[in-house]
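Structure assessment
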Number of protein chains: 2
Amino acid sequence: MTDTSQAVLMNGADLARSHVDRTADRAAEFERRTGRRPCLATVLVGDDPASATYVRMKQNRCRRAGIDSRHTPLPATTSTGELIDVIRGLSADPEVHGILLQHPVPQHVDERAAFEAIDPAKDVDGVTMHSFAAMAFGLDGFDSCTPGGILRLLDAYDVDPAGRTAVVIGRSPILGRPVSALLLARDATVTTCHSRTPDLPSAVRTADIVVAAVGRPEFVRGDWIKPGAVVIDAGYNPGNVGDVAFDEAVERAGMITPVPGGVGPMTISVLLEQTVDAAFRQAGPDGTS
Amino acid sequence: MTDTSQAVLMNGADLARSHVDRTADRAAEFERRTGRRPCLATVLVGDDPASATYVRMKQNRCRRAGIDSRHTPLPATTSTGELIDVIRGLSADPEVHGILLQHPVPQHVDERAAFEAIDPAKDVDGVTMHSFAAMAFGLDGFDSCTPGGILRLLDAYDVDPAGRTAVVIGRSPILGRPVSALLLARDATVTTCHSRTPDLPSAVRTADIVVAAVGRPEFVRGDWIKPGAVVIDAGYNPGNVGDVAFDEAVERAGMITPVPGGVGPMTISVLLEQTVDAAFRQAGPDGTS
């Protein structure tokens, strides 16, 4: 975190590739030991094209890493009760090691109730209340994937959050809040900002580490960035645009994630890693379920 | 929150009294409807005199509010497994509406595992992972008692956290972290500080609302306080001393809690309130369990 005019680009694409390679080795080891592959169940409600693309991308990455995926597409008219029944079935199925319910679900569905139907032992996407508290308390459990990917990116670039100030912009249950919790558990002094924050630019200017997770294109301006700060852009808006005005911020940041190729690829790599973790834990020490 | 030289004292003792009166009315209503009283089970491991005093105080307050309490004292040598068995028994017992495991337990006991044996529906002390996530996500559930008491105190004095900056000093799982979560859920911009915070006085100086939860006598000095700020002292150190240097802070704060008589009384009143809530929820709409 030095004050240079040329920020270090945090290359999430490369890091995710080597991370997925390690996961693929572990998936192969699981298959050698148990005679079957780790299996991720994906559930998609409705036919939003972007969501369908995300699920397909995750399935492709699974396949290439030696992880089976089993997909359950459900109509947009699915009720909360029907969705919960499907997810409970997957939670109880010994062939399934991890469960991903693609976010968002249609408005009439109670997404929280559906998430809570996921057995915490299979919550490889880190969306349950149990996983959230485990992140906050530093207990064993699964990370929310994007927050977990951000922490792995910081680690890979030797950015230790301990003793630093971090400002997280955004407080969604699967992004802003858990990344705040993980940074606090790693001894950062964390400020969580949002739409009701009175003077956001001033708050951001205090931060050694900035995480932008608002979902508004180029919302964070370059002159909000403290010179030398680490800038993590978790936004992904239409047209491959992040939440940070990259061209401005790169002039002041010490390190910065590009969009695309920064945080995005890390998200899927954490999902795969945690699916293999779940498979090993469920198989037990002797390799039998 | 005006800048006067004489801060308003936030009288938790008076507020708790009227709060407990309302709870006693509701407990009596429960008894009329069901023929039995709300029941809080207390569990104390070991013979720490301060903990024994706290438990006795809670039992006395229960009795005066028309709430039964059932006490299980356990020897200091109790194992984690034995404690979990006791708590599971209380979780399954239909006569028991709420469960309080007195903190702290002896060092050899896994306190988190013991807390997690409490059925979330009976977690009237708000210590489980489920309750923590419910506080963070603004879902139905029980508050940790001291954080819940702090929010009720703010409400009673018309301090709306929305749009304000809050600094919480301390991050324990039953005090600092949940009060941060509750303030964020109420739209404050929250900074959680701790022993690794680089410049604590400067951080505190930015805060409209300061919550001190460190457990170090008079740790927060008067000149750290922004003029007009609301100062909540959740500390309770030997000799009735809080975490805030009261004589200094009262000169700058807009409102401040005394120690004793500020936050402390609110803690027990939330415990009683939530025990009666739990009893009603478990009894169901027709008043039968």
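Residues numbered from 1 in each chain as written. Chains lettered and ligands numbered in written order. Predicted model: local features only at pLDDT ≥ 70, side-chain atom pairs only at ≥ 80, totals over all residues. Heavy atoms only, no water.

As named in an unreviewed UniProt entry, chain A is Bifunctional protein FolD, taken from Saccharopolyspora rosea. For chain A, the Sequence similarities (unreviewed entry) comment in UniProt is given as "Belongs to the tetrahydrofolate dehydrogenase/cyclohydrolase family." (UniProt positions renumbered as here; feature names shortened; annotations may be inferred.)

Strands in a sheet are paired, the pairing made by backbone hydrogen bonds, and the direction either parallel or antiparallel. All names here are of chain B. Across the sheet, three strands lie side by side as β3-β2-β4; this open sheet has parallel pairing. Whereas interior strands pair on both sides, the edge strands pair on one side only; in this sheet they are β3 (68-74) and β4 (98-101). Each strand of the sheet is rotated relative to its neighbour by a mean of 15°, with strand direction disregarded. Where helix α2 (residues 49-64) meets the sheet, it contacts β2 (39-45), β3 and β4, and its direction lies at approximately 170° from that of β2. The strands that helix α3 (residues 80-92) touches are β2, β3 and β4; relative to β4, the one it contacts most, it runs at about 160°. (Pairing = 2+ DSSP bridges. Helix = DSSP H or I, 4+ residues; strand = E, 2+ residues; numbered from the N terminus. Axes fitted to C-alpha atoms, helices over the stretch in contact; angles between N-to-C directions. Contact = heavy atoms within 4.5 Å.)

All names here are of chain A. Strands sit in the order β3-β2-β4 across an open sheet of three strands; the sheet is parallel. On the outer flanks of this sheet lie β3 (68-74) and β4 (98-101), each paired with one strand and no other. Taking each pair of neighbouring strands and ignoring which way they run, the sheet shows an average axis angle of 20°. Pairing analysis gives seven bridges linking strand β2 (residues 39-45) to β3, with the strands arranged parallel. Residue pairing across strands places C39 opposite D68, the latter belonging to β3. Relative to β4, helix α3 (residues 80-92) is tilted by about 160°, and along the sheet it contacts β2, β3 and β4.

Looking now at the UniProt feature "binding site: NADP(+)" (unreviewed entry) in chain A. The positions UniProt marks with the feature "binding site: NADP(+)" (unreviewed entry) are A:G170, A:R171 and A:S172. When you line up the elements, A:R171 lands in the loop between β5 (165-169) and α7 (176-185). Ignoring anything within four residues of it in the chain, the contact list for A:R171 reads A:G176, A:R177, A:T192, A:H194, A:S195, A:R196, B:L184 and B:D187. Note that A:S172 resides in the loop between β5 and α7. Owing to a relative accessible area of 31%, A:S172 belongs among the partly exposed residues under this scheme. Leaving out residues up to four positions away in the same chain, A:S172 has contacts with A:R177 and A:P178. (Buried < 20%, exposed > 50% of the residue type's maximum accessible area, 1.4 Å probe, protein only.)

A few words on helix α10 (residues 263-283) of chain A. Residues and elements named next belong to chain A. Counted at 1.5 Å a residue, the expected span for α10 with its 21 residues is 30 Å, and the 31 Å between its end C-alpha atoms agrees. Counted residue by residue, α10 has 18 buried out of 21 residues, so it is predominantly covered. Positioned one or two residues after α10, G284 has a phi angle of 80°, which is positive. (Expected span 1.5 Å × (residues − 1).)

So, on to the pairing of β2(A). All names here are of chain A. Among the seven residues of β2, seven are classified as buried, and the element is accordingly described as predominantly covered. Residues C39, A41, V43 and V45 line one face of β2 and the alternating positions L40, T42 and L44 line the opposite face, and both faces are buried. Assessed by its sense of winding, the connection that carries the chain from β2 through helix α2 (residues 49-64) to β3 is right-handed. Two elements, β2 and β4, share four bridges in a ladder whose sense is parallel. The residue bridging T42 from the neighbouring strand is L100, located in β4. (Right-handed = clockwise from strand over helix to strand, strands pointing away.)

Turning to the interface of chain A and chain B, a few remarks are in order. Across the boundary between the two partners, chain A contributes 28 residues, which contact 28 residues of chain B. Across the contact surface, chain A and chain B share four salt bridges. A salt bridge links B:D187 to A:R171, with the shortest nitrogen-to-oxygen separation between them at 2.8 Å. Between the two partners, chain A and chain B, sit 13 residue pairs in polar contact (both at pLDDT 80 or more). The set of elements that each furnish at least two residues to the side of chain A that touches chain B consists of α5 (129-137), α7 and β6 (189-193) of chain A. If one sorts the elements of the side of chain A that touches chain B by residue count, α5(A) sits on top with seven residues. Classifying every residue of the side of chain A that touches chain B gives 15 nonpolar, eight polar and five charged. Across three bridges, the pairing between β6(A) and strand β6 (residues 189-193) of chain B is antiparallel. By the bridge assignment for β6(B), A:T191 is matched with B:T191. (Salt bridge = Lys/Arg side-chain N within 4 Å of Asp/Glu carboxyl O. Polar contact = N/O pair within 3.5 Å; in protein donor to acceptor, adjacent residues only side chain to side chain. Nonpolar A, V, L, I, M, F, W, Y, C, P; charged D, E, K, R; others polar.)

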